[in-house]
Amino acid sequence: MRKAAFRSVLLRLLAPVMSFTAEEAWQTLPGKPAESVFLGGFPVVSAKLDPALAERYAKLFAVRGAVQGVLEAARRDKRIGSSLEARVVLTAEGAARDFLQANLAELPGLFITSQVELADVKGDAAQTLDVAQAFGEGVRVTAEVLPAHGEKCPRCWTYSEAVGQGGDVCLKCREALAA
């Protein structure tokens, strides 16, 4: 998309929320398609969603929804306070395990937990997740909620073993502060 077209679309999307700012910026826009941002009409986007990406996120959100129920039960039972105090240990077999392993780095952010691990053997308190919609019938994925390892980072509030070892914040925050 050309720079001018991008600006035009962005201003029309922002106009309902930032009306005065969008209108002021619109007046300086070269080659504007209408006299006012409000007369320009709402942009029509014809984005085609990648089917593989849609399937991947459908699976991720199905697992997330199931894990949220387990986290809520742990919160209700006073085993954790917030979800950031949790470490979720998942077990799965076959294609479901491969999928979770490939997306493991993304799972803590998606679950809003400090840590997520993939184990070979399920723990004593592990609960079976209902993920049949995502992986098919007969696929078994379990989740166990345990206290997170480490200490609470004062910047992002996640728990990390790096806090207190060579710095006052977690590794992710150290990188952000160094940039």
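Scroll up for the structure.
Draft legend 1. Broad picture of the pairing of strand 1 (residues 86–92). With seven of its seven residues buried, strand 1 lies for the most part within the structure. Residues A86, V88, L90 and A92 of strand 1 are buried on one face, and the alternating residues R87, V89 and T91, pointing to the opposite face, are buried as well. As judged from the seven bridges shared by strand 1 and strand 4 (residues 141–147), these two strands associate in the antiparallel manner. Looking at the pairing, A86 lines up with P147 of strand 4. Here four bridges tie strand 1 to strand 2 (residues 115–118), and the two strands are oriented parallel to one another. Directly across from V89, in strand 2, lies its bridge partner E117.

Draft legend 2. Structural detail: unusual backbone geometry. The phi angle at K78 is positive, at roughly 65°, despite the residue not being glycine. With respect to the helices, strands and loops of the structure, K78 is situated in the loop between helix 3 (51–76) and strand 1. The backbone of W157 shows a phi angle near 70°, a positive value even though the residue is not glycine. Relative to the elements of secondary structure, W157 occurs in the loop between strand 5 (151–152) and strand 6 (159–160).

Draft legend 3. Representation of the packing of aromatic side chains within the structure. Taken as a whole and assessed by the stated rule, the structure comprises two aromatic pairs. Between Y57 and F61, the ring centres sit 5.9 Å apart and the planes meet at 45°, which makes this aromatic pair tilted. Note that Y57 and F61 are positioned in helix 3 at a spacing of four residues, about one turn of the helix. Across the ring face of F99, the terminal group of K59 is positioned such that the distance to the ring centre comes to 5.4 Å. The side chain of K152 reaches across the aromatic face of W157, ending 4.5 Å from its centre.

Draft legend 4. Molecular detail of the side chain of E23. Locating E23 in the fold gives a position in helix 2 (residues 19–27). Contacts of E23, omitting those with residues within four sequence positions, involve E35, S36, V37 and F38.

Draft legend 5. Representation of the sheet that holds strand 2 within the structure. On the basis of which strands lie adjacent, the open sheet formed by four strands has the order 2-1-4-3 and mixed pairing. Edge positions in the open sheet fall to strand 2 and strand 3 (127–129), since each of these has one partner strand only. The average undirected angle you get between the axes of adjacent strands in this sheet is 30°. Sheet topology note: the strand 3/strand 4 ladder contains three bridges and is antiparallel. By the bridge assignment, L129 is partnered in strand 4 with V141. Here helix 3 sits on the sheet in contact with strand 1, strand 3 and strand 4, set at roughly 35° to strand 4. Its contacts with the sheet place helix 4 (residues 94–102) against strand 1, strand 2 and strand 4, and it is angled at close to 145° to strand 1.

Rules used throughout
Residues numbered from 1 in each chain as written. Predicted model: local features only at pLDDT ≥ 70, side-chain atom pairs only at ≥ 80, totals over all residues. Heavy atoms only, no water. Buried < 20%, exposed > 50% of the residue type's maximum accessible area, 1.4 Å probe, protein only. Helix = DSSP H or I, 4+ residues; strand = E, 2+ residues; numbered from the N terminus. Pairing = 2+ DSSP bridges. Phe/Tyr/Trp six-rings, centres within 6.5 Å; stacked < 30°, edge-to-face > 60°. Lys NZ or Arg CZ within 6 Å of the ring centre and 35° of its normal. Contact = heavy atoms within 4.5 Å. Axes fitted to C-alpha atoms, helices over the stretch in contact; angles between N-to-C directions.

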